[in-house]
Amino acid sequence: MSDNDGGTDHAGGAATMSARSGTSLFRSFAHRLAGDADALPVEGLLPSFDGATGWLNSAGLTPEGLRGRVVLIDFWTYTCINWLRTAPYVRAWDAKYRDQGLTVIGVHTPEFGFERNLENVVAQSRNFGVEFPIAVDSDYGVWQAFANHFWPALYMADADGRIRYHHFGEGEYAMAEMVVQQLLLEAGALGVDPDLVSVEPTGFEVPADWRTLRSPETYLAYGRSAGFASPERARFNEPRTYPEPSRLGLNEWAPSGTWTLAQHAAVLNDAPGRIAFRFQARDVNLVMGPAARGTSVPFRVTLDGAAPGDAHGFDVDDQGNGTLADQRLYQLIRQTGTIRERLVEIDFLDAGAEAYCFTFG
């Protein structure tokens with residue numbers, strides 16, 4: 001896990017732990033009776049939200065105004081696949097414990113420039129069912145107040161405004177929920193159900209297939225990318241015609257056609273243009289969109305040179321056809337059965353496409 005990187009916590013297989021398995025190991029730590037010594041350390045006081053540039057689903061909130069309630073802070077950005085896979089748990093905790101004294105606050109801190117657009121944040125928060133208060137953190141004010149470095153990141157504060165727990169990345173859902181329960185009990189909540197929530201994720205929210213995943217998050221902007229394997233040397237911020245690569249090794253990628261490798265993204269100058277990536281994963285996702293708001297760019301995905309068929313992602317059909325209409329995360333491939341090294345190619349049929357980052361699952 002690195003700074004500004006939605007890292008993944010593989011420890012203990014927590015991301016796939018059922019509501020019943022393994023929880024007894026945690027309950028003696030997380031579930032305490034009133035009057036017992038604190039099992040959770042005090043990590044500091046809940047910082048201010050003054051750095052937020054706006055709020056959604058709520059008037060502005062303050063640490064002082066939240067006293068008496070347990071507070072769960074969820075740092076997210078809407079293109080982050082790691083956050084998306086945690087989202088069903090956070091939504092379920094909000095629904096189950098809100099009336100017993102839990103306030104969930106989603107802090108939306110953008111990774112890419114287009115995620116600063118409030119209309120985009122509103123639309124995507126609705127798409128992903130984020131109904132709890134959202135601190136819009138477009139200038140990184142709240143991020144800096146928490147000294148945070150990761151998407152996703154959870155921080156939990158007790159009813160006295162003291163941070164008692166944090167977790168970075170995916171996983172540890174059972175532990176996190178039992179911390180919520182403990183803090184609610186400490187605050188005097190009655191009738192807290194000790195059973196853990198059960199979720200049924202769909203779409204982007206389905207956990208990764210960690211057993212077969214061998215491809216990392218890969219940026220396509222100049223200077224940020226690993227695995228660039230074009231026969232032509234990359235040029236910064238100027239149009240360049242890149243030839244087709246003769247072959248790609250695992251986790252190598254290359255553009256072909258006329259592209260500008262800018263600081264923020266790979267931008268297609270003239271159509272057609274292609275991006276090829278050799279990967280091993282069940283899912284292939286790509287953050288991308290049209291460079292100009294209100295326009296669209298058709299594209300076609302192939303897998304090992306053929307239409308993806310049943311392996312198509314939900315943003316393309318079985319022939320691999322899709323359309324860029326928004327700047328967001330697109331799912332291109334979701335495979336079943338045996339997972340092995342394969343080549344995915346995305347052909348953009350009009351100019352004006354921007355490609356930011358591959359993620360896998």
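For the structure itself, look to the data block above.
An account of the accompanying structure is given in this report.

Parameters and conventions
For every chain, the first residue of its written sequence is number 1, and the numbers climb from 1 along that sequence. Only residues with pLDDT of at least 70 get local features here, since the model is predicted, and only at 80 or more are side-chain atom pairs given and counted; chain-wide, interface and lining totals rely on the full set of residues. Note: side-chain values were computed over all heavy atoms of the structure, leaving out hydrogens and water. Helix and strand definitions here come from DSSP, where helices need a minimum of 4 consecutive H or I residues and strands a minimum of 2 consecutive E residues; each element is numbered from the N-terminal end. The salt bridge definition used is simple: a Lys or Arg side-chain nitrogen within 4 Å of an Asp or Glu carboxyl oxygen. Only protein chains enter the accessibility calculation, which uses a 1.4 Å probe; a residue whose area is less than 20% of its type maximum is buried, one above 50% is exposed, and one in between is partly exposed. Our working definition of a disulfide is a cysteine sulfur pair at a distance within 2.5 Å. Strands pair, by our definition, only if DSSP identifies at least two bridges between them. Contacts are assigned to residue pairs that have any heavy atoms within 4.5 Å of one another. Every angle, taken between N-to-C directions, lies between 0 and 180 degrees, and every axis is a line fitted to C-alpha atoms, over only the stretch in contact when it is a helix. Side-chain atoms within 4.5 Å are what join buried Ala, Val, Leu, Ile, Met, Phe, Trp, Tyr and Cys residues into a set we call a nonpolar core.

Moving on to unusual backbone geometry. With omega at -15°, the peptide bond leading from W151 into P152 counts as cis. Residue P272 is bonded to the preceding A271 through a cis peptide linkage, with omega at -5°. By secondary structure assignment, the location of P272 is in strand β11 (residues 266-279). Not every positive phi belongs to a glycine, and D304 is a case in point at roughly 55°. Within the secondary structure, D304 sits in the loop between β13 (297-303) and β14 (321-324).

A few words on the pattern of salt bridges. All told, the structure shown has 21 salt bridges when counted by the stated rule. The residue R235 makes a salt bridge to E238 at a minimum N-O spacing of 3.8 Å. Owing to a relative accessible area of 24%, R235 belongs among the partly exposed residues under this scheme. For E238, a relative accessible area of 33% gives the class partly exposed. R274 is the partner of D347 in a salt bridge, and the nearest nitrogen-oxygen pair spans 2.7 Å. Taken together, the residues D347 in strand β16 (residues 342-348) and R274 in strand β11 connect sequence positions 73 residues apart. By relative accessible area, which is 22% here, R274 ends up partly exposed. Each of D158, R162, R164 and E186 takes part in a single network of salt bridges with overlapping partners.

With that settled, the discussion passes to the state of the cysteines. According to the stated counting rule, one finds zero disulfides in the structure shown. Looking at the unpaired C80, the closest cysteine sulfur is the one in C357, lying at 9.2 Å.

Quick look at the sheet that holds strand β5 (residues 134-136) now. Sheet architecture is open: seven strands sit in the order β1-β7-β6-β3-β4-β5-β2, paired in mixed fashion. Pairing within the sheet leaves two strands with one partner each, and these edge strands are β1 (44-45) and β2 (54-56). Of the strand pairs in this sheet, β2 and β5 are connected by three bridges, and their pairing is antiparallel. Paired with W55 across the bridge in β5 is A135. This element, helix α3 (residues 118-127), spans β2, β3 (70-76), β4 (102-108) and β5 of the sheet and lies at about 25° to β2.

Right, let's get into the nonpolar core. Counting 66 residues, the largest nonpolar core has L46, L72, I73, F75, W93, L102 and F146 as the members making the most contacts within it. No other element matches the nine residues that helix α2 (residues 81-97) contributes to this core. When sequence neighbours within four positions are dropped, the list of residues in contact with W93 reads L72, R98, L102, L154, Y173, A176, E177 and V197. With 34 residues, the next largest nonpolar core counts L220, F279, V297 and I346 among its residues.

Turning next to the environment of M175. Tracing the sequence through the fold places M175 in helix α5 (residues 173-186). Sequence-wise, M175 and L196 are 21 residues apart; in three dimensions their C-alpha atoms are separated by 9.8 Å.

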